[in-house]
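As a plain string of letters, each chain reads:
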Number of protein chains: 4
Amino acid sequence: MPLTPDQQAEVDAQRAQAQPTLRAVSPGMEKHLYTAIPVLDHGFVRVIDYMGDDAAICQAARVSYGKGTKSVQNDEGLIRYLMRHWHSTPFEMCEVKLHVKLPVFVARQWIRHRTANVNEYSARYSILDREFYIPAPEHLAAQSVVNNQGRGAALEGEEAARVLEILKTDANRAYDHYEAMISQEGQLGLARELARMNLPANIYTQWYWKVDLHNLLHFLRLRADAHAQYEIRVYADAICNVVADWVPFAYKAFEDYRMGGATISATALDCVRRMLKGEEVTQENSGMSKGEWREFMDTLG
Amino acid sequence: MPLTPDQQAEVDAQRAQAQPTLRAVSPGMEKHLYTAIPVLDHGFVRVIDYMGDDAAICQAARVSYGKGTKSVQNDEGLIRYLMRHWHSTPFEMCEVKLHVKLPVFVARQWIRHRTANVNEYSARYSILDREFYIPAPEHLAAQSVVNNQGRGAALEGEEAARVLEILKTDANRAYDHYEAMISQEGQLGLARELARMNLPANIYTQWYWKVDLHNLLHFLRLRADAHAQYEIRVYADAICNVVADWVPFAYKAFEDYRMGGATISATALDCVRRMLKGEEVTQENSGMSKGEWREFMDTLG
Amino acid sequence: MPLTPDQQAEVDAQRAQAQPTLRAVSPGMEKHLYTAIPVLDHGFVRVIDYMGDDAAICQAARVSYGKGTKSVQNDEGLIRYLMRHWHSTPFEMCEVKLHVKLPVFVARQWIRHRTANVNEYSARYSILDREFYIPAPEHLAAQSVVNNQGRGAALEGEEAARVLEILKTDANRAYDHYEAMISQEGQLGLARELARMNLPANIYTQWYWKVDLHNLLHFLRLRADAHAQYEIRVYADAICNVVADWVPFAYKAFEDYRMGGATISATALDCVRRMLKGEEVTQENSGMSKGEWREFMDTLG
Amino acid sequence: MPLTPDQQAEVDAQRAQAQPTLRAVSPGMEKHLYTAIPVLDHGFVRVIDYMGDDAAICQAARVSYGKGTKSVQNDEGLIRYLMRHWHSTPFEMCEVKLHVKLPVFVARQWIRHRTANVNEYSARYSILDREFYIPAPEHLAAQSVVNNQGRGAALEGEEAARVLEILKTDANRAYDHYEAMISQEGQLGLARELARMNLPANIYTQWYWKVDLHNLLHFLRLRADAHAQYEIRVYADAICNVVADWVPFAYKAFEDYRMGGATISATALDCVRRMLKGEEVTQENSGMSKGEWREFMDTLG
């Protein structure tokens, strides 16, 4: 359960208070507001606010391109055109604010996306809760033997049991010691900003994260990708579902042109042309390295 | 009249369609939505959308600072504290989207503020309207004789008349020629992206401009300042009024700590301390240059 | 001649003063420093400073990926790998500072790329020179009849002559009036910040523009593209040559993966697979709109 | 010793290879290049590259302000003028690239400054070293009893000993378990990207960090401040010394106008004026809250 009963009561109260507005309203997003979408064992994603919808993207594009865009009859066609031709500024006209609870090692990857606004819970001022990410057994992956980036098969049996035992015990011991160090009963109590250094990277933190749709889609392209670490990918997947409800046309175009599409080099494009003419193209005569050729074969399915 | 009757009808239609939302609503901002606030002779500022209110700033701050901020009892006190201590991220949690119509030379200053999203009307694709900024006589300022930045007194009599005549005639002639060059009656017609180069910098353009509250306040501090060029300052002043209605606590804190406040150097601070002890401080024994001393005297009123 | 004799003497003096440094040095870039590369009729691009080289990209990547990158044996292979997999941060470790002289309407497009540092010549404080871009006859393109974005064939005969006459005469008249308005002989003289509004968008301005390699390549991908306006493309082309000398491996990877490559949608990728299996794929059974299909056919050559 | 003998040999080799360049050279910075400045128990700051010097700031400003800046006779005067009037873009024309080794909890604060380029050592791909920050006894501060932000006196005696024992033991145990989990001897070995989650926030990481001078000074203003956490302040202090050698005029102006200066609210400014007229001003008649008044009294010394 990611939320305490108190927190759930607060969400319910927020969802009970509809007010009239003259702004653009996205019905798909109103449905999500404030509700906690569970992610991992203790994390969540909550939509706190949003600005704009599919129509807002088109409105901005039509200011830019004026009469030039009238030839594209409808909003969906225009959005597909903008996505296909890398017109990013109309997508920047939508904005979303999320409340996210996530393990620190996930937060460290996430924050590398710099074009966003963040307010994180501060362990200088406040005391962190005793909540740690402990992977489900099926996600206890081995180091890949193929490359340095991926994961291999899940650990099993004794090895898996030992890892889980270590993660749980160390996390709890670290937290016990954190509490003991800051306690002010019978002692001065270590400063919180120092005591936190004893806590491991699977402890949960939380933040408000606000980002425009263009930069959010860029984040999702990288983090909902099969090569992203599982623990951040599940957050990206949860957000993908939210975006699909928020701006359905933009999300469909994103799926077609970005998530499901591929970028092909000049060399690879030349190979495709040769193959379509019936030529036998192999790695040796392709002009590609073995690694590139393997990826190219994957792209062609 | 900045809006055509068609445009005004569109605004009226937009203002007639209230819908329920669960998001934070700012009553002061709902009042402004879509309406054109006239600026200069043909320009305007229109609020198209907004996200957040004073409470959203506090909500984000309380996530960051947790229990640490409970000691500040109320929202206004917390906002003043955040502004005083340069905590910028809570203010980034609010966002506004404006539709602005403005002369090109003002747009060129404005765009130097890079932390914003912009969709400008494109003169590559579309045809610009015949609308030029012609200063009111009282704003036809002479070059300052004191420094290179400011304006002097307004021109008068024949000189003023001649300047107005030039600005009007040149603008209209340039536009006549622009139309003649792109006309496709009896000729190929020059590409719009080339023909536009004949148009002067007082022609009006328009854009959608989206920015977070922190960066907007930074813009306003520089552009609503007495040293800013009059033609951009009137836009900043119009936006100040909007912000005051949108987030009244934040705006009051901004007025007190930024617009009405002053930044004082270590040297100047030392002079203040000496003066308060009764010492006679002059430019000569102040450690400041003449320029700095003059500005310091202005600050002390 | 883009430089005056005085300016050329200054360049010569700067190029005569080599000093020892312990920093990374790019021999290809030292060759360019300070020299003006002519662009359009009065414009130029000058390299003023740079940071890093191909090795600096690899150095940063190896800090990030540690032992994981040792498997890529050499610098060129690593750089190709980084480019192929959209690892942008190592490319951000190189930086370049350019001095550019360019028409105002080109500057207005350029400045839309916000992730850069800019110091532009200020017409508030200073007096602009009498220099205007007048297209060469072969670049006097007609408006495209196919779409709103492109140019058609060059104007010819009387129409071309008339356009050139208008551009030259209007520019000079506007400048005469600019001078007359700011003149302080026998009158107060209009403030420069106001007088500039009479000047057309083909007047030249200049700026220092500083950007990291990742963002520069993004700029070049959009602006050296065949669909970019000719007048900005020639600047991008000039900069491409500079980058090829500065970071040869990175530039070659950029040419292969970005400039010469293509992004293909999921739908188009599916069509390629079907075509490679021998299926007859047409626009009708492709799942693409007519516009997309036409672009897809262009991509497949 | 922050560097291993191998690393020191590499630094020595890099410092032995001076090459000629035509770029601006800062003698004060050449002195620092590659050398490790020790910070905390295992950390360091190393200058890897830089662009520009004091003269480059002025050069950019003179492009912007043209003849308008000739009245400021010398570079130092111009730099002070720019700093005093918040002209930030000329300072953006200088850039520095640092290699920093720092504890993870410090890195987490640091990364909140988003306007910089970062390549961090990746614990997804690589194995972290067994190096942890253990505070010196005099920095084992208690939680402040006055406010939630500061530190109180240092812990002493048994309490201090117990805290140090916890920090050392927990860090080493966590690292032992990290090694045990990823070991591939007789087991699959847990993926590195998962195993790292067991490591505490005082483990050292490292990154390349590249930033322009304007944003660096903003970072230093906040992080070299007396209210910043000690463990990040020592990094900021080390960088301050580097900047003082790199751009001496800019650094002096920064010290006077930013580090040693103060921002005073409109209300406080009014109080100063009243005090200078001889009026008795107290918190009660000042218009300030108790917190503001206390800070104001501190400012006035």
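Residues numbered from 1 in each chain as written. Chains lettered and ligands numbered in written order. Predicted model: local features only at pLDDT ≥ 70, side-chain atom pairs only at ≥ 80, totals over all residues. Heavy atoms only, no water.

Trainee: Account for the overall build of chain A, naming residues and giving values.
Mentor: Helix and strand counts for chain A come out as 13 helices and nine strands. By its C-alpha atoms, chain A is 80 × 60 × 30 Å across when sized along the principal axes. Among the 301 residues that make up chain A, the fraction classed as buried is 60%. Counting contacts in chain A only where the partners sit at least 6 residues apart, residues at least 24 apart contribute 67% of the total. By element, 51% of the accessible surface of chain A is carried by carbon and sulfur atoms, the whole surface being about 11900 Å². Averaging the coordinates of the 33 positive side-chain charges in chain A and doing the same for the 39 negative ones gives two points 6 Å apart. (Helix = DSSP H or I, 4+ residues; strand = E, 2+ residues; numbered from the N terminus. Buried < 20%, exposed > 50% of the residue type's maximum accessible area, 1.4 Å probe, protein only. Contact = heavy atoms within 4.5 Å. Areas by Shrake-Rupley, 256 points an atom, 1.4 Å probe, with all protein chains shown as cover. Lys, Arg positive; Asp, Glu negative; His and termini not counted. Charge placed at Lys NZ, Arg CZ, Asp CG, Glu CD.)

Trainee: Provide a residue-level description of the relation of the copies chain D and chain A, including the pertinent values.
Mentor: Taken together, a rotation about one axis and a shift along it account for how the two chain copies relate. Superposing chain D onto chain A requires a rotation of 180 degrees together with a translation of 0.0 Å along the rotation axis, leaving an RMSD of 0.0 Å. Taken together, the rotation and translation relating the two chain copies correspond to the operation of a two-fold axis. Among all C-alpha atoms of chain D, that of Pro200 of chain D lies closest to the rotation axis, at 1.9 Å. Of the interface residues in chain D, 98% have counterparts in chain A that sit at the interface too, so the contact is made through matching surfaces. (Least-squares fit on C-alpha atoms with pLDDT ≥ 70 in both.)

Trainee: For the sheet that holds strand 2 (residues 36–39) of chain B, give the residues involved together with the corresponding values.
Mentor: Hydrogen bonds along the backbone pair up the strands of a sheet, which may run parallel or antiparallel. Residues and elements named next belong to chain B. Read from one edge of the open sheet, five strands run 2-3-4-8-5, paired in antiparallel fashion. Single-partner strands in this sheet number two, and they are strand 2 and strand 5 (117–120). Looking at each pair of strands side by side, their axes are set apart by 20 degrees on average, direction ignored. Of the strand pairs in this sheet, strand 3 (residues 43–51) and strand 4 (residues 95–103) are connected by seven bridges, and their pairing is antiparallel. Bridge assignment links Met51 to a residue of strand 4, and that residue is Glu95. (Pairing = 2+ DSSP bridges. Axes fitted to C-alpha atoms, helices over the stretch in contact; angles between N-to-C directions.)

Trainee: An account of the interface of chain A and chain B is requested, with residue identities and associated values reported.
Mentor: Listed per partner, the contact involves 50 residues of chain A and 50 residues of chain B. Both faces combined, the contact of chain A with chain B buries some 4600 Å², and carbon together with sulfur accounts for 52% of it. Among the residues chain A hides against chain B, the three largest losses belong to Leu22, Arg23 and Met51 of chain A. Together they make up 19% of the total. Between the two partners, chain A and chain B, sit four salt bridges. A salt bridge links Glu30 of chain B to Arg23 of chain A; the shortest N-O distance between them is 3.6 Å. Where chain A packs against chain B, one counts 26 residue pairs in polar contact (both at pLDDT 80 or more). The element that contributes the greatest number of residues to the side of chain A that touches chain B is helix 3 (residues 54–65) of chain A, accounting for six residues. Grouping the amino acids of the side of chain A that touches chain B by side-chain chemistry returns 24 nonpolar, 15 polar and 11 charged. Judged from the three bridges that link them, strand 1 (residues 19–21) of chain A and strand 1 (residues 19–21) of chain B form a sheet pairing that is antiparallel. (Buried area = accessible area lost by both parts, 1.4 Å probe. Salt bridge = Lys/Arg side-chain N within 4 Å of Asp/Glu carboxyl O. Polar contact = N/O pair within 3.5 Å; in protein donor to acceptor, adjacent residues only side chain to side chain. Nonpolar A, V, L, I, M, F, W, Y, C, P; charged D, E, K, R; others polar.)

Trainee: Residue-level account of the domain arrangement of chain A, with values.
Mentor: Each assigned domain of chain A is listed here: domain 1 (5–133 + 202–261), domain 2 (135–200) and domain 3 (267–299). When each unit is reduced to the centre of its C-alpha atoms, the spacing between domain 2 of chain A and domain 3 of chain A is 45 Å. (Domains from an automatic or database assignment.)

Trainee: Give a detailed account of the interface of chain D and chain A, specifying residues and quantitative values.
Mentor: Taken together, the 57 residues of chain D in the interface contact 56 residues of chain A. Note on chain D versus chain A: buried area summed over both sides is about 5000 Å², and carbon and sulfur give 52% of it. Three residues, Arg108, Gln143 and Met197 of chain D, lead the burial of chain D against chain A; their summed loss comes to 14% of the area buried on that side. Linking chain D with chain A are four salt bridges, by the criterion used here. In this structure, Arg108 of chain D and Glu120 of chain A form a salt bridge, with 2.8 Å as the shortest nitrogen-oxygen distance. Secondary-structure elements contributing two or more residues to the side of chain D that touches chain A are helix 5 (104–110), strand 5 (117–120), strand 6 (141–143), strand 7 (151–154), helix 6 (157–182), helix 7 (192–195) and helix 9 (230–246) of chain D. The dominant element in the side of chain D that touches chain A, judged by the number of residues it contributes, is helix 6 of chain D, at 11 residues. Broken down by class, the residue content of the side of chain D that touches chain A amounts to 29 nonpolar, 15 polar and 13 charged.

Trainee: Can you explain unusual backbone geometry? Please cite residues and give values.
Mentor: Its identity is not glycine, yet Trp86 of chain C carries a phi of approximately 55 degrees, on the positive side. With respect to the secondary-structure elements, Trp86 of chain C resides in the loop between helix 4 (75–84) and strand 4 (95–103). Judged by its relative accessible area of 26%, Trp86 of chain C is partly exposed. Notably, Leu40 of chain D is not glycine yet its phi reads approximately 55 degrees, a positive angle. Mapped onto the fold, Leu40 of chain D is located in the loop between strand 2 (36–39) and strand 3 (43–51). Leu40 of chain D sits in the partly exposed class, given a relative accessible area of 23%.

Trainee: Requested: an account of helix 8 (residues 213–223) of chain B, with residues and values cited.
Mentor: All names here are of chain B. With respect to burial, helix 8 is a largely interior element, eight of its 11 residues being buried. Inspection of helix 8 places Leu213, Asn215, Leu216, Leu217, Phe219, Leu220, Arg221 and Arg223 among the buried residues, and these make up the whole buried set. The N-cap of helix 8, judged by a side-chain oxygen 3.0 Å from the amide nitrogen of His214 a few residues on, is Asp212.

Trainee: So what's going on with the relation of the copies chain A and chain B? Residues and values would help.
Mentor: Of the transformation placing chain A onto chain B, the axial shift is 0.0 Å and the rotation is 180 degrees, giving an RMSD of 0.0 Å. Both copies present the same face, since 100% of the interface residues in chain A are matched by interface residues at the equivalent positions in chain B.

Trainee: Could you give an account of the pattern of salt bridges, with specific residues and numbers?
Mentor: Applying the stated criterion across every chain, the model contains 80 salt bridges over all chains. Between Lys210 of chain A and Glu95 of chain B there is a salt bridge, with its nearest N and O atoms 2.5 Å apart. Taken together, the residues Lys210 of chain A in strand 8 (residues 204–212) and Glu95 of chain B in strand 4 connect one chain to another. Taken as a pair, Lys210 of chain A and Glu95 of chain B share a single burial class, namely buried. When salt bridges that share partners are traced, they join Arg80, Arg84 and Asp256 of chain A together with Glu292 and Glu295 of chain C into one network.

Trainee: Residues and numbers for the sheet that holds strand 5 (residues 117–120) of chain C, please.
Mentor: Residues and elements named next belong to chain C. Within the open sheet, the five strands sit side by side as 2-3-4-8-5. Their pairing is antiparallel. Two strands bound the open sheet, and with one partner strand each, they are strand 2 (36–39) and strand 5. Sheet twist, expressed as the average angle between the axes of neighbouring strands with direction ignored, equals 20 degrees. Bridging between strand 5 and strand 8 (residues 204–212) involves four bridges; their strand directions are antiparallel. Across the sheet, residue Asn119 finds its bridge partner in strand 8, namely Tyr208.

Trainee: Any details on the packing of aromatic side chains? Residues and values, ideally.
Mentor: Counted according to the given criterion, the structure contains 40 aromatic pairs over all chains. A centroid spacing of 6.1 Å and a plane angle of 40 degrees characterise the contact between Phe105 of chain B and Tyr133 of chain B, whose relative ring orientation is tilted. Here Phe105 of chain B, found in helix 5 (residues 104–110), pairs with Tyr133 of chain B, found in the loop between strand 5 and strand 6 (141–143); they are 28 residues apart in sequence, far enough to count as distant. Aromatic ring contacts, followed pair by pair, group Trp110, Trp207, Trp209, Phe219 and Tyr235 of chain A into a single cluster. When the ring centre of Trp86 of chain B is taken as reference, the NZ or CZ atom of Arg221 of chain D above it lies at 4.9 Å. (Phe/Tyr/Trp six-rings, centres within 6.5 Å; stacked < 30°, edge-to-face > 60°. Lys NZ or Arg CZ within 6 Å of the ring centre and 35° of its normal.)

Trainee: Run through the side chain of Glu231 of chain D, naming residues and quoting values.
Mentor: With respect to the secondary-structure elements, Glu231 of chain D resides in helix 9. Within the local environment of Glu231 of chain D, its side chain forms a polar contact with the side chain of Tyr133 of chain D, the two groups lying 2.7 Å apart. Those residues in contact with Glu231 of chain D, other than ones at most four positions away along the chain, are Leu194 of chain A together with Leu40, Phe105, Val106, Tyr133 and Arg151 of chain D.

Trainee: Can you tell me about the UniProt feature "binding site: dUMP" (unreviewed entry) in chain A, naming the residues and giving the values?
Mentor: Residue and element names in this part refer to chain A. With numbering matched to this structure, UniProt assigns "binding site: dUMP" (unreviewed entry) to Gln109, Trp110, Ile111, Arg112, Glu120, Tyr121, Ser122, Ala123, Arg124, Arg196 and Arg223. Over a stretch of 115 residues, the named residues are scattered through the fold, their C-alpha atoms separated by up to 29.0 Å. Among the secondary structure elements, Ser122 is positioned in the loop between strand 5 (117–120) and strand 6 (141–143). Take Ser122: its relative accessible area is 13%, and that puts it in the buried class. Reaching out from Ser122, the side chain makes a polar contact with the backbone nitrogen of Arg124 at a distance of 3.1 Å. The topology assignment puts Ala123 in the loop between strand 5 and strand 6. Residues in contact with Ala123, not counting those within four places in the same chain, are Leu128, Arg192, Glu193 and Arg196. (UniProt positions renumbered as here; feature names shortened; annotations may be inferred.)

Trainee: Tell me about the UniProt feature "active site" (unreviewed entry) in chain A, and please be specific about residues and values.
Mentor: Residues and elements named next belong to chain A. Mapped onto this numbering, the UniProt entry gives "active site" (unreviewed entry) at Arg223. The residue Arg223 is located in helix 8 (residues 213–223) in this model. When its relative accessible area of 12% is taken as the criterion, Arg223 is described as buried. Among the polar contacts listed, one links the side chain of Arg223 to the side chain of His113, at a separation of 3.1 Å.

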